[in-house]
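# Notes for the structure review
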Amino acid sequence: MRFDLKHLSNPADVLLVYEGKFTPETTKSVLQLAERNIDSIKDDAVIKRKVFNVLVECLQNVVKHGEMIEHPTTDQVPALMIGREQDHYTIISGNAIAAKNVGNLKSRIDKINQLDKNGLKDMYKVIMRDNTVSEKGGAGLGLIDMARKSGGQLSYDFSDIDRNYSYFSLKTTISRQIK
């Protein structure tokens, strides 16, 4: 099951949708467009900064950790969506990942979702102190940072593509109210 923004009642509530290959050029363009769209909204600057920071983390996850499938179907291409509702923003990203990485990623997100604000802060510090970097250049801080910025749990889904790949969807919501 892939998350989508079809539940939004008003098309104006969709701030950005991009589906396709994320090259450095498209990533830069997506960020510029998203920043312009977010800046045009009359929400608090702190909230808009959180939305943009989570968006950047989502893009980095797609670019750094996504796998390219040779002939993807529509449901298998990398995607990024931002929507705004009355009380929150929704950021959804999706990309193919190696099937062998699903279990590890699922357990990392589940662990992050079990932590409160202080637990996330402590986990972040431990990773920074241990300086653990994966083979793809990430230290695992992005997901923690997304949970910290959103103040809520990360929702996710994995859909099998074939025996080698799964499609990973990640949904983050950010309150439009300052907490």
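It should be emphasised that the depicted structure is a prediction, and the values quoted were computed from it without experimental measurement. (Residues numbered from 1 in each chain as written. Predicted model: local features only at pLDDT ≥ 70, side-chain atom pairs only at ≥ 80, totals over all residues. Heavy atoms only, no water.)

## Brief notes about the sheet that holds strand β3 (residues 88-98)
The criterion, for reference: Pairing between two strands is assigned when DSSP locates at least 2 bridges connecting them. Here a helix means four or more residues in a row that DSSP labels H or I, a strand means two or more in a row labelled E, and each is numbered from the N terminus. Each axis is a line fitted through C-alpha atoms, and for a helix only the stretch in contact is used; angles between axes span 0 to 180 degrees, taken between their N-to-C directions. In what follows, a contact means two residues having at least one pair of non-hydrogen atoms within 4.5 Å.
Here 5 strands make up an open sheet; going across it, the order is β1-β2-β3-β5-β4 and the pairing antiparallel. The sheet is open, and its two edges are formed by β1 (14-19) and β4 (155-160), each paired on a single side. Ignoring which end each strand starts from, the neighbouring axes of this sheet average 15° apart. Bridge count for β3 against strand β5 (residues 165-175) is 11 bridges, and the pairing is antiparallel. Among the inter-strand pairings, G94 is bridged to a residue of β5, identified as S169. Against the sheet, helix α2 (residues 45-65) contacts β2 (79-84), β3 and β5, and its axis sits at roughly 10° relative to β3. Of the strands in this sheet, β3, β4 and β5 touch helix α3 (residues 102-114), which is tilted by about 165° from β4.

## Considerations on the packing of α3 against helix α5 (residues 141-150)
Put simply, the rule is: Oblique is the label for any angle not covered by the other classes, which are roughly parallel (under 35 degrees), roughly antiparallel (over 145) and roughly perpendicular (65 to 115). Helix crossings are classified by the rotation of the near helix relative to the far one: an anticlockwise turn of less than a right angle makes the crossing left-handed, while a clockwise turn makes it right-handed. Three categories are distinguished: nonpolar for Ala, Val, Leu, Ile, Met, Phe, Trp, Tyr, Cys and Pro, charged for Asp, Glu, Lys and Arg, and polar for the others, with Gly belonging to the last.
Running from amino to carboxyl end, α3 crosses α5 at an angle of 30°, the nearest separation of the two axes being 10 Å. By the angle between their axes, α3 is roughly parallel relative to α5. Between α3 and α5 lies a crossing of right-handed hand. Note on element contacts: α5 touches α3 through L143, I144 and A147, opposite L105, R108, I109 and I112. Along the lines of polarity and charge, the residues of the contact of α3 with α5 split into 6 nonpolar, no polar and 1 charged.

## Regarding α5
As a reminder, the rule being used: Note on exposure labels: buried denotes an accessible area under 20% of the residue type's maximum, exposed denotes more than 50%, and partly exposed covers the range between, all computed with a 1.4 Å probe on protein chains only.
In terms of burial, α5 is a largely internal element, 8 of the 10 residues being buried. Those residues of α5 not exposed but buried are L141, G142, L143, I144, D145, M146, A147 and S150. Contact partners of the buried residues in α5: α2, α3, α4 (117-130) and β5. At the exit of α5 stands G151, carrying a positive phi of roughly 75°.

## A word on the nonpolar core
Selection criterion: What we call a nonpolar core is a set of buried Ala, Val, Leu, Ile, Met, Phe, Trp, Tyr and Cys residues that are connected through their side-chain atoms within 4.5 Å.
With 36 residues, the main nonpolar core has L80, I91, I112, L143 and L154 as its most contacted residues. Here this core takes 7 residues from α2, the largest share from any one element.

## Observations regarding the packing of α2 against α5
It is the contact of α2 with α5, at a shortest axis distance of 10 Å, that shows an interaxial angle of 160°. Considered as vectors, α2 and α5 are oriented roughly antiparallel to each other. Note on packing geometry: the crossing formed by α2 with α5 is left-handed. Contacts between α2 and α5 involve K50, N53, V54, E57, C58 and N61 from the first element and G142, L143, D145, M146 and K149 from the second. Of the residues belonging to the contact of α2 with α5, the class tally is 4 nonpolar, 3 polar and 4 charged.

## Structural notes on the side chain of D145
Take D145: it is sitting in helix α5. Excluding residues that lie within four positions of it along the chain, D145 makes contacts with E57 and Y124.

## What about the environment of K21?
On the secondary structure map, K21 appears in the loop between β1 and α1 (24-39). A relative accessible area of 52% means that K21 is categorised as exposed. Between the C-alpha atoms of K21 and P78, which are 57 residues apart in sequence, the distance is 6.3 Å. In contact with K21, not counting residues within four places along its chain, are T26 and M68.

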